[in-house]
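One letter stands for each residue in the lines below.
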Amino acid sequence: MASAPRPLLEVRHLRVEFNLRRGTLTAIDDVSFEIAPGEVLGVVGESGAGKSITGTAIIGLLEPPGRIAGGEVLLDGRRIDNLPAEEMRKIRGRQIGAIFQDPLTSLNPLYTIGRQITETIMTHLPMDSRQARERAVALLEEVGIPAAGRRIDHYPHQFSGGMRQRVVIALALCASPRLIIADEPTTALDVSVQAQIITLLKRLCSEHGTAVMLVTHDMGVIAETADRVAVMYAGRLVEVGPVQEVIHGPQHPYTAGLMGSIPAIGQEVDRLPQIEGSMPRLDSIPKGCAFNPRCPKVFGRCREERPDLMDAGATRAACWLHRVDSPLAHA
Amino acid sequence: MIAFVVRRLLQGVFVMLVVGFIAFSLFNFVGDPVSLMLPPEATQADRQEMRVSLGLDKPFHVQFATFVANATQGNFGISLRLGRPVSTLLVERLPATLELAIAAAVLGLFVGIPLGVFTALKRDSWTSRAILTTSLIGVSLPNFLIGIFLILIFAVWLGVLPSFGRGDTVMVGPWSTGLLTTSGLRALILPSVTLAFFPLTLVMRLVRSEMLEVLRTDYIKFARARGLTDNAVNFGHALKNTLVPVITITGLQLGGIIAFAIITETVFQWPGMGLLFIQAVQFADIPVMAAYLCLIGLIFVVINLVVDILYYVVDPRLRLDRGGAGGH
């Protein structure tokens, strides 16, 4: 999908470091991507690839010792990564909403969901408590909570997991943000409920024109929901492209391995294909391409020089195979 | 909720019966009360007459029932040492102890909670570390030593506060209060600070560790992600979640403060129940000791009941009788 003239969110050369006593760990290293208004960008990768940290860094909630050590984040062309805390707080919830992995622990157990929703609405929008409550009921109806007018006065523990995630989505949509960062929104849910939540999220965002950064390790969810997909490996972006192209014609050997390891129903195999080895620890990322020790197509340059994202067919991949002067480029 | 309170009340009655039984058996531990009360030259007939008039010829369970019946009406007999009804003595002394204990508890909570929140939010600041180090003194120094130090500094060296007694008191109905006179308030400062030291540090450390725990939870992170202000997150969302354990400890501490006021009251010659009790022990004044035991037992039972009810108020998850969980 062609990106709109002006992206809603631009992340440029983002670098996140953790200053620990035993040295500095680089969790995110030179990551750049953009999200157009109304677009759904899926971010995939193994655990520890830096997907969630990227999201946390964008909304300015990195906890010390983590910090943004380089690069910039732009929302609507305005730099937001260096804003004062109070300015950034006003953006959170108002411009960028967030949904976290576990709906069971995302809600404060001591307050009714109504109180939590109206509190958020009144923080961001000029409404009195009666207007906020009306809006809260409307939001709860929109996310499919039956008998919202009555349920609004219930406490989180009186809702099931799926219902709570709907409440969390309502909370994220409270002030009609233009971007939602959804961090593994379905991972903690029953499989039967996952599809409902994803469908809901997708419908609401397209109705409201909200862009979504969907962080997940579930390729099924990405395939169904995202317009474009970004693949992360060891804190770096390895491939970005339209979702169909990346799934059906991955250009980076890591993406290819990732796609190859998804079992298909009806296909009989003795062993599930897998990528040999495991992702390097953040303190021992190899020189050159981070994937080179596991890569089946590795060659000399991969061990020496780090590749940037480069045009590779219909996608962009950080792989030397796609450099025209590569010895294997036309092999 | 009602059923819960009724159940707790019944349990409380049972606890009080046990406490009463222990208090009652005190009388039998110190030997035959008749020989204590009559002069050595009394005749066997005198003894028998006394025994009947005191009801001591009746079987054990009847005697205990009589004791319980009297105790529920506040009748604990006559003090052997002072020759006055025990209930009158306790009613005279109760206000002093309660005022001291409540002043100490208020001090402990209203200084302990803010300090706990502060040291949790500014975890790495120099001030927090200084406060935490100082608080070790409160945990580790015995109460009477702190009292003596305070007397030394503020009464002896600086001479700004009285070192003993309760100052002038005013009668408000049957209640003698020191809170309405300047000298009464001045006299309250040192003993209440002494008594507050331990619960204050305990509450502070508890609030701090609970806050640190709660600040790490997902719902706090989510509250920040929703753009709520720091005050709303820290005080509206985080602090309230630390309250359940704080209520528990505060309740237990309040009982402890009243019971352990004995030591502070002795150091400051505070005319409260603790001082009365210590003197009763020295003179083997059994009725006073029994009554004190029952009263402290009652205070603990009431505090525990209040604490349990407060749980319900704070934590909706405990209110099982309100609305069921919804389906998917």
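Because the structure is a prediction, the values reported are computed rather than measured.

A.B. asks: Run through the overall build of chain B, naming residues and quoting values.
C.D. replies: Looking only at helices and strands, chain B features twelve helices and two strands. Its helices and strands in sequence order give chain B the pattern α-α-α-α-α-α-α-β-β-α-α-α-α-α, from N to C terminus. Taking the principal axes of the C-alpha coordinates as reference, chain B spans close to 85 × 65 × 35 Å. For chain B, the proportion of its 328 residues judged to be buried stands at 34%. Looking at chain B alone, contacts between residues at least 24 apart form 70% of all its contacts between residues at least 6 apart.

A.B. asks: Explain the overall build of chain A to me, using residue names and the numbers behind them.
C.D. replies: Broken down by element type, chain A carries twelve helices and twelve strands. Here chain A has a C-alpha radius of gyration of 21 Å; the compact-globule value for 331 residues is 20 Å, and the two agree. If you line up chain A on its principal axes, its C-alpha atoms span 70 × 50 × 45 Å. Looking at chain A as a whole, 46% of its 331 residues qualify as buried. Expressed as a percentage of contacts within chain A between residues at least 6 apart in sequence, the contacts between residues at least 24 apart total 64%.

A.B. asks: Can you tell me about unusual backbone geometry, naming the residues and giving the values?
C.D. replies: Residue and element names in this part refer to chain A. That bond from proline 64 to proline 65 is cis: its omega, 10°, falls within 30 degrees of zero. Tracing the chain through its elements places proline 65 in the loop between α1 (51–58) and β4 (66–75). Even without being a glycine, aspartate 76 presents a positive backbone phi close to 55°. The topology assignment puts aspartate 76 in the loop between β4 and β5 (78–79). You can call aspartate 76 partly exposed: it has 14 C-beta atoms within 10 Å.

A.B. asks: Describe the domain arrangement of chain A, with residues and values.
C.D. replies: Under the domain assignment used here, chain A contains domain 1 (10–233) and domain 2 (249–262 + 286–331). Its C-alpha centre places domain 1 of chain A at a distance of 31 Å from the equivalent point of domain 2 of chain A.

A.B. asks: How would you explain the domain arrangement of chain B if you had to name every residue and give the values?
C.D. replies: All names here are of chain B. Its domain assignment divides chain B into domain 1 (2–72) and domain 2 (86–318). Once you take the C-alpha centre of each, domain 1 and domain 2 turn out to be 34 Å apart. It is helix α1 (residues 2–29) that contributes the most residues to the side of domain 1 that touches domain 2, twelve residues altogether. By residue class, the composition of the side of domain 1 that touches domain 2 is eleven nonpolar, two polar and one charged.

A.B. asks: Provide a residue-level description of the sheet that holds β5 of chain A, including the pertinent values.
C.D. replies: The strands that make up a sheet are held in pairs by hydrogen bonds between backbone atoms, and each pair lies either parallel or antiparallel. Residues and elements named next belong to chain A. Read from one edge of the open sheet, four strands run β2-β1-β4-β5, paired in antiparallel fashion. Taken across any chain shown, the strands that pair with only one partner, and hence form the sheet edges, are β2 (23–35) and β5. Pairing between β4 and β5: two bridges, direction antiparallel. Bridged to leucine 74 within β5 is arginine 79.

A.B. asks: Could you give me a rundown of the interface of chain B and chain A, with the residues and numbers involved?
C.D. replies: Many authors give the size of an interface as the accessible area that is lost as the parts come together. Each side of the interface is counted separately: chain B has 25 residues, and chain A has 31 residues. Residue assignment for the side of chain B that touches chain A shows that the elements contributing at least two residues are α9 (218–225) and α10 (230–267) of chain B. A per-element tally of the side of chain B that touches chain A places α9 of chain B first, with seven residues. Among the residues forming the side of chain B that touches chain A, the class breakdown is nine nonpolar, nine polar and seven charged.

A.B. asks: Account for the pairing of strand β6 (residues 96–99) of chain A, naming residues and giving values.
C.D. replies: Here is the key point about a regular strand: its side chains alternate between the two faces of the sheet. Residues and elements named next belong to chain A. Along β6, one buried face is formed by Ile96 and Ala98 and the opposite face, lined by Gly97 and Ile99, is buried too. Here β6 runs beside strand β7 (residues 179–183); their pairing, made up of four bridges, is parallel. Counted as the bridge partner of isoleucine 99 is alanine 182 from β7.

A.B. asks: Quick rundown of the packing of helix α11 (residues 273–282) of chain B against helix α12 (residues 286–314) of chain B? Include the residues and the values.
C.D. replies: Residue and element names in this part refer to chain B. Running from N to C, α11 and α12 cross one another at 140°; their axes reach a closest spacing of 8 Å. Classified by the angle between their axes, α11 and α12 sit oblique to one another. Handedness of the α11/α12 crossing: left-handed. Residues Met273, Leu276, Phe277, Ala280 and Val281 of α11 pack against Val288, Met289 and Tyr292 of α12. Here the residues of the contact of α11 with α12 are counted per class, giving eight nonpolar, no polar and no charged.

A.B. asks: Any chance you could break down the confidence of the model for chain A for me, citing the residues and the numbers?
C.D. replies: Confidence in the prediction of chain A, expressed as mean pLDDT, is 86, and 96% of residues score 70 or more. Element-level mean pLDDT values for chain A span from 84 in strand β11 (residues 310–312) of chain A up to 93 in helix α4 (residues 113–124) of chain A.

A.B. asks: Tell me about helix α5 (residues 129–142) of chain A, residues and numbers included.
C.D. replies: Since the α-helix turns once every 3.6 residues, residues separated by three or four places project in the same direction. All names here are of chain A. The terminal C-alpha atoms of α5, which comprises 14 residues, lie 20 Å apart, in line with the 20 Å expected from a rise of 1.5 Å per residue. For α5, the complete set of buried residues consists of Ala132, Arg133, Ala136, Leu139 and Leu140. Down the axis of α5, the sector holding all buried residues measures 120°, keeping them to one side. Exposed residues on α5 whose side chains face more than 90 degrees from its buried face are Arg130 and Ala138. Residues of α5 that are buried make contact with α4, α6 (148–151) and α7 (161–173). Once α5 ends, the next one or two residues include glycine 144, with phi positive near 85°.

Thresholds applied
Residues numbered from 1 in each chain as written. Chains lettered and ligands numbered in written order. Predicted model: local features only at pLDDT ≥ 70, side-chain atom pairs only at ≥ 80, totals over all residues. Helix = DSSP H or I, 4+ residues; strand = E, 2+ residues; numbered from the N terminus. Buried ≥ 20, exposed ≤ 12 C-beta atoms within 10 Å, placed from the backbone. Contact = placed C-beta atoms within 7 Å. Rg over C-alpha atoms; globule rule 2.2 N^0.38 Å. Domains from an automatic or database assignment. Nonpolar A, V, L, I, M, F, W, Y, C, P; charged D, E, K, R; others polar. Pairing = 2+ DSSP bridges. Axes fitted to C-alpha atoms, helices over the stretch in contact; angles between N-to-C directions. Parallel < 35°, antiparallel > 145°, perpendicular 65-115°, else oblique. Left-handed = near helix turned anticlockwise from the far one by under 90°. pLDDT = per-residue confidence, 0-100. Expected span 1.5 Å × (residues − 1). Arc of directions from axis to C-beta.

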